[in-house]
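Geometric and topological summary
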Amino acid sequence: MSLLAPGTRCSSCTLIDFLPLLCPSCDLPFCSDHIHTHQPCSSFISTSSHGVAVGKLDRGKKSCEKEGCERETIESVAGVSGRDEEERIAREVRCEGCGGSFCTSHRAQTSHSCPAPLIHNVRHDDFLVRRSRAEDLIAKNFAGHKDRVERKMPIQKDVVKRPRTEEDKLPPSVQPAQSTSTATPETTQEETEVEKKVKSKAEKLWDIHLRKIRSTATHLGGGANIPDMDKIFFEWGIDLTGTKVKTWKGKWDTKLERAWVREDIPIGKVMDLIIAQSKTSRMADAKFSLVQLYPAPDGLPSSTSLSSHQPAKVITQGAALILVRGEMV
């Protein structure tokens, strides 16, 4: 068979088979359909010395010799029998001691109660040595390993569910509506608290603004640490002419500084600290004032002129204080 003409023609048909099978009786090539039904071998099927038809599958199924085991032996391998014993595909694998035919699980001498003396096995001896060493190490390093108490799962508690009433079984559209006249003052107060917990988008943005100020604000003028509940956090800036304050509509266009002061300090002292911090020139007859700009989250922005004798606790948390020259009404 050359490379230019691959395959072999079957001796019984015109099929060119790329994997032909040779009949062990007549040594002729056949396809898979005629390997067992071709002439003249099919008319007088000869048998080999093992009593198996030549050219037939000799599976030689044998059960394991161990009592109670129904698995096939290792030598029970499917294959086409040859003419001689040496050509058999199945090779016998038996016990080295008693010569019995066993399956893969009972092949070892210690697995099927072999009557022959135990054949020395170096690998098995090494296994016994390693196991003995491991037991010694566990007993040495973990003395209480054998006597330790296994942890138990905590006692589970059954969840008692409230029995459903007849009204609960009805769909929501059919359930009777609750009367508003039976609502108690306590219930009304609880509902009001729940409604207050739901914040609008503007209120959430204002909370973020307050957190930023609290995290980055510095003490105006320096001083000791005090609790946050006694601090007033705000932003401050300079607008001596007051032009930006008059046209302010909720957003300041320049950067503002962030600071905090004690709530009991007077507004006049806060104004002096802002003047000193901003290094604003102060004439003898010059007058200054502080204007609070507060963009209400759910309302209109408001500007309020602060009196110098008022305490700092009148400042709204997070508001902006703008230093202006003169009085702003």
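Residues numbered from 1 in each chain as written. Predicted model: local features only at pLDDT ≥ 70, side-chain atom pairs only at ≥ 80, totals over all residues. Heavy atoms only, no water.

Time to look at the environment of Ala312. Relative to the elements of secondary structure, Ala312 occurs in the loop between strand S9 (302–306) and strand S10 (320–325). Between the alpha carbons of Ala312 and Arg262 there is a distance of 7.0 Å; along the sequence they are 50 residues apart. (Helix = DSSP H or I, 4+ residues; strand = E, 2+ residues; numbered from the N terminus.)

Attention now goes to the nonpolar core. The biggest cluster of nonpolar side chains holds 20 residues, and the ones touching the most others in it are Leu220, Phe234, Val261, Val270, Leu290, Ile315 and Leu321. Mapped by element, the contributors of at least two residues to this core are strand S6 (231–238), strand S7 (257–262), helix H6 (267–278), strand S8 (288–294) and S10. The element that contributes the greatest number of residues to this core is H6, accounting for six residues. Ignoring anything within four residues of it in the chain, the contact list for Phe234 reads Ile213, Leu220, Glu257, Arg258, Ala259, Trp260, Val261, Val270, Ile315, Gly318, Ala319 and Leu321. (Core = buried A, V, L, I, M, F, W, Y, C linked by side-chain atoms within 4.5 Å. Buried < 20%, exposed > 50% of the residue type's maximum accessible area, 1.4 Å probe, protein only. Contact = heavy atoms within 4.5 Å.)

Spatially, S5-S7-S6-S10-S8-S9 is the arrangement adopted by the six strands of the open sheet, whose pairing is mixed. Of all strands in the sheet, those bounded by a partner on one side alone are strand S5 (218–219) and S9. Alignment of S8 against S9, held across five bridges, turns out to be antiparallel. Following the sheet pairing, Gln292 is matched in S9 by Thr304. Taken strand by strand, helix H4 (residues 201–216) contacts S5, S6, S7 and S8, and its axis lies near 90° from that of S6. (Pairing = 2+ DSSP bridges. Axes fitted to C-alpha atoms, helices over the stretch in contact; angles between N-to-C directions.)

Tallied over the full model, the rule gives four salt bridges. Ionic pairing is found between Arg258 and Glu235, a salt bridge with its closest N-O pair at 3.2 Å. Of this pair, Arg258 sits in strand S7 while Glu235 sits in strand S6, and the two are 23 residues apart along the sequence. On the accessibility criterion, Arg258 (29% relative accessible area) is partly exposed. (Salt bridge = Lys/Arg side-chain N within 4 Å of Asp/Glu carboxyl O.)

As far as function goes, none of this settles anything; it's purely spatial.
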